[in-house]
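Below are the chains, spelled out letter by letter.
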Amino acid sequence: MTYTSSLGRTYLRNPLFITCTLLPMISAPLALADTTASVEEVVVTASKRNQSLQDFSGSVSVVNDFSGIKNLGDIAAQVPGFSLVDVGPRNPAVLIMRGLRLDEIGSNDLGGDGSAIASYVDNIPLQGYFVPPAFSLKDLQQVEVLRGPQGTLYGNASIGGLIRYVTAKPDVKKYSVRVSGELSQTDHSDDLNYDSDLVVNTPLIEDTLALRLMLGKTENAGFIDNPYLLSGAQDDINDDETKQARISLLWQASDNFSLNSSYHYQKINVGDRQATNESFTGDEYAASSRYLQPMQGELQLASIDANYEMPWATLTASLNHYDYAHHERADQTDLYIGLDPTVEYYNLYENLSAYNASDIDIVKDSAELRLVSPDNQRLRWLVGAFYSRDDLDAYMGDYTPGLGEFFEMDLPGDLEYLATQTETLDEYSTYAEVTYDLTEKWEATVGARHFRYDDDLDVCISYFPGPIEDCSNGDDVSKDTLGKFSTSYKFSDDKKIYFLAAEGYRRGGANTAPAEVLNNRFYRPDVATNYELGFHSLWLAQRLELNAALFNIEWDDLQVQLETVDGRTAWDNAGKARTKGIEFDASAQLSDAFALHAGYAYTDAEITESVAEIGVYSGNQLPGSPRTQWSLSLDFNQEFNGTLWDASIGVNRIGDVATALNPEFSNYQKLDSYSIASARVGVTRGNWRLGAFVNNIDNTRAITSGRADDFFGEQGQFEYITRPRTIGLSVSYQY
């Protein structure tokens, strides 16, 4: 934001200013329009009770129309204050809400999603620290995105916010079938993309027992070529294939008791990174690695949820299981070349090449018990208890083919370096929340969560030949209590103002470096405290919805990475940060046929306490999060002679971002802002729908992240890029 004499001209280019200026002009035709259409009422379930969005005290966006939505990035484009670093399907997307991120934005190999945003599938907590997979968005009821700390209800890793995927549940009353298929072509690709799914719902015992089945398969052709592979040049290396299956069984035993169980299976295979190296290859869509860098992932989720409604409360019990197995390979050749600049060892072998092979397996089991009072009483409350156990096994090995034979030494299977990690993490939490109506229009809520973490970590590093093995371990116990307060006032049934103060935390842990080289064997949780003033409103007979929020988040005891005297990586707590900003979204039902949607966010996230020893200084902008982002879309739905026509066109804008705190960091870059526009059109007659779409209309090639040449050299650097223009057709049948 520019605070100079050009402030007026800056505001004229600001989408929030433009939207506010246009509101009177939008309101006029809305007020005069002869229409009964209104903005759809949305119900939020992430508050652990069913609640209208207009009654919810906090910033929340709910996506329940999945037309044109393929991945979480498409959802982030619609949610102000939520952004992600799109690195393609091979690596985890880094998730950022309200600027809460400190780590560099880089290759993210074996990394997580940032661990500042909690993700749930129904009541199943997902794991975000090691290579979390992108969850399939097929056959969902809705996706709820809550911005700001959600620590009292959801605990660990919710300092930035929460994403909750709500799956479609079995219907005990009617049989239904939906079949859909899609065919598309991406620029710079020689092959086609395919997407298909089948959803079947069938009552097994009418009004009592029902089964729902989803089967899906997605194949995306690659669009990046690599002429530098040791195995020979290859085109379209970054293809990917995902298979999904979900089966759900609902038993409605009585009006008061229900039991829902589900099993979700998802398998993904990716050929290589969605990354190029234009500065080395001279081609915008060419990579330069010596090895293909595939990834295979297998996700299994299982859950049982029981609900019993009593006159005075509803009891919910959940048992959940998460299992993710991940394997990937990465080219390490340029790293090993850089390790020997004086040609004393590795570079004596003229055919030197290297790659890393990693296997990660994570199992997370959890259980939750919750008691919630009825909604129709002056004093409303909920209490709950939560337990989870994470078991992690990781294997990471570097291989140098031919090096052992060249030096006549024993490198078993060409293995040069091996690191293994095992970890067991137990969480015990209890939480409670109480809401009281001070008057008919004024309510207040207080909440708290007490947690305890037991962390047991073992790491072994081996160097070959030898081997020379170095093992260390760390055990940590941490506990604390978080709080929340909110109050809201309803001017009317459809206009409400609220204020809240809420805390969130990210768990601490144990370092593996021995005590003789590191004093801090353990690092503490970091805590974010959010102060927020917001407004939910409906206008013009509920044809215009306006929501806005001002926030200020204080982030203390930042978890930072440092290097020990013997070159190891360790974690410590140091410094403070602050993020503040505004979020705004609007939906207008212009007529029976046309609807307009707009969103805008301005986020100022910076360090407020310097830690010079690690190159962190007050005033540094936090990496990865754009200062500004906005989206705008126009939807059309109209029936003509028994045929329903629908269409949509939209654009979202992501402001420029920094990949690290400041230029002292080796991977520091300033990435340019970019816009992505998409459009779709469809026609429905009877049970059939035919559609056409184009994504990335302008064929924008935006750089979203990457790896600099400091350690990997000119050939080993790369930049992640957005998917080029994709044009396609779809067909579906629903009975």
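In what follows, the structure referred to is the one given above.
To start, this report covers the structure provided alongside it.

So, how was this worked out
Residues numbered from 1 in each chain as written. Predicted model: local features only at pLDDT ≥ 70, side-chain atom pairs only at ≥ 80, totals over all residues. Heavy atoms only, no water. Helix = DSSP H or I, 4+ residues; strand = E, 2+ residues; numbered from the N terminus. Buried < 20%, exposed > 50% of the residue type's maximum accessible area, 1.4 Å probe, protein only. Contact = heavy atoms within 4.5 Å. Polar contact = N/O pair within 3.5 Å; in protein donor to acceptor, adjacent residues only side chain to side chain. Disulfide = S-S within 2.5 Å. Phe/Tyr/Trp six-rings, centres within 6.5 Å; stacked < 30°, edge-to-face > 60°. Lys NZ or Arg CZ within 6 Å of the ring centre and 35° of its normal. Pairing = 2+ DSSP bridges. Core = buried A, V, L, I, M, F, W, Y, C linked by side-chain atoms within 4.5 Å. 1 Å grid on protein atoms, 1.4 Å probe; cavity = no way out; pocket = protein on both sides within 12 Å on 5 of 7 lines; lining within 4 Å. Points joined across faces, edges and corners; volume = space filled by probe spheres on them. Nonpolar A, V, L, I, M, F, W, Y, C, P; charged D, E, K, R; others polar.

## Digging into the environment of N695
Then comes step 1: Position of N695 relative to the elements: it lies in strand β37 (residues 688-695).
Then comes step 2: Classification of N695 as partly exposed rests on a relative accessible area of 27%.
Then comes step 3: Leaving out residues up to four positions away in the same chain, N695 has contacts with A677, S678, P724, R725 and T726.

## Some words on the side chain of Q127
Then comes step 1: Looking at where Q127 falls in the secondary structure, it is placed in the loop between β7 (124-125) and β8 (140-147).
Then comes step 2: One polar contact links the side chain of Q127 to the main-chain amide nitrogen of Y129, over a distance of 2.5 Å.
Then comes step 3: Here F130 takes part through its backbone nitrogen, which lies 2.8 Å from a polar atom of the side chain of Q127.
Then comes step 4: Residues contacting Q127, with those up to four places away along its chain left out, are P132, Y322, I362 and D390.

## A few points about the state of the cysteines
Then comes step 1: Applying the stated criterion across every chain, the model contains one disulfide.
Then comes step 2: Each sulfur in the disulfide pair C460 and C471 lies 1.9 Å from the other. Handedness of the C460-C471 disulfide follows from its S-S torsion of about 115°: it is right-handed. With C460 in strand β21 (residues 442-463) and C471 in strand β22 (residues 468-492), the pair connects residues that are 11 residues apart, well separated along the chain.
Then comes step 3: Among the residues examined, C460 registers a relative accessible area of 21% and is labelled partly exposed.
Then comes step 4: With a relative accessible area of 43%, C471 lands in the partly exposed category.

## Observations concerning the environment of Q141
Then comes step 1: Here Q141 shows up in strand β8.
Then comes step 2: By relative accessible area, Q141 is classed as partly exposed at 41%.
Then comes step 3: For the pair Q141 and A448, spaced 307 residues apart in the sequence, the C-alpha separation amounts to 29 Å.
Then comes step 4: In this structure, Q141 is in contact with N64, F66, V166, T167 and A168, ignoring residues within four places of it in sequence.

## A few points about the packing of aromatic side chains
Then comes step 1: Summed over the entire model, instances satisfying the criterion amount to 23 aromatic pairs.
Then comes step 2: Between Y349 and F406 the ring centres are 5.0 Å apart and the planes differ by 35°, which places this aromatic pair in the tilted class. Of this pair, Y349 sits in the loop between α6 (333-338) and β18 (355-372) while F406 is found in helix α7 (residues 403-407), placing the two residues 57 residues apart along the sequence.
Then comes step 3: A relative accessible area of 14% means that Y349 is categorised as buried.
Then comes step 4: Measuring from centroid to centroid gives 5.0 Å for F406 and F407, while their planes differ by 85°, and the two rings are edge-to-face.
Then comes step 5: In this structure F407 comes out as partly exposed when scored by relative accessible area, which is 26%.
Then comes step 6: Grouped by ring-pair contacts, the aromatic residues Y336, Y345, Y346, Y349, F406 and F407 constitute a single cluster.
Then comes step 7: Across the ring face of Y285, the terminal group of R701 is positioned such that the distance to the ring centre comes to 5.9 Å.

## Focus on the sheet that holds strand β39 (residues 718-721)
Then comes step 1: Across the sheet, three strands lie side by side as β15-β39-β38; this open sheet has antiparallel pairing. A strand with exactly one partner marks an edge of an open sheet, and here the two such strands are β15 (275-276) and β38 (703-707).
Then comes step 2: By the bridge criterion, two bridges tie β15 to β39 in an arrangement that is antiparallel. Within the sheet, the bridge partner assigned to A275 lies in β39 and is Y720.

## What about the nonpolar core?
Then comes step 1: Of all hydrophobic cores here, the largest spans 38 residues; its most connected members are I75, F82, I163 and Y165.
Then comes step 2: Setting aside residues no more than four positions away along its own chain, Y165 makes contact with L72, Y120, V121, D122, L126, F135, L137, L140, Q142 and V143.
Then comes step 3: Counting 18 residues, the second-largest nonpolar core is a separate cluster that includes A116, V560, A577 and V616.

## Brief notes about the sheet that holds strand β9 (residues 161-167)
Then comes step 1: The five strands lie next to each other as β3-β8-β9-β6-β7, forming an open sheet whose pairing is mixed. Edge positions in the open sheet fall to β3 (59-63) and β7, since each of these has one partner strand only.
Then comes step 2: Pairing of strand β6 (residues 117-121) with β9 involves five bridges; the strand directions are parallel. Considered in β9, the bridge of A118 is made with L162.

## Section: the layout of surface pockets
Then comes step 1: Its volume calculated, the second largest pocket comes out at about 950 Å³.
Then comes step 2: What lines the second largest pocket is a set of 31 residues, among which T45, N50, N307, T316 and R370 lie closest to the centre.
Then comes step 3: Contributing elements (two or more residues each) for the lining of the second largest pocket: β8, β9, β14 (257-270), β16 (295-309), β17 (314-331) and β18.
Then comes step 4: In the lining of the second largest pocket, the residues fall into eight nonpolar, 13 polar and 10 charged.

## Brief notes about the pairing of β37
Then comes step 1: Pairing of strand β36 (residues 674-685) with β37, which is carried by seven bridges, proceeds in the antiparallel orientation. Bridging across to β37, T684 finds its partner in R689.
Then comes step 2: Across eight bridges, β37 lies against strand β40 (residues 726-734) in antiparallel orientation. Within the sheet, the bridge partner assigned to L690 lies in β40 and is V731.

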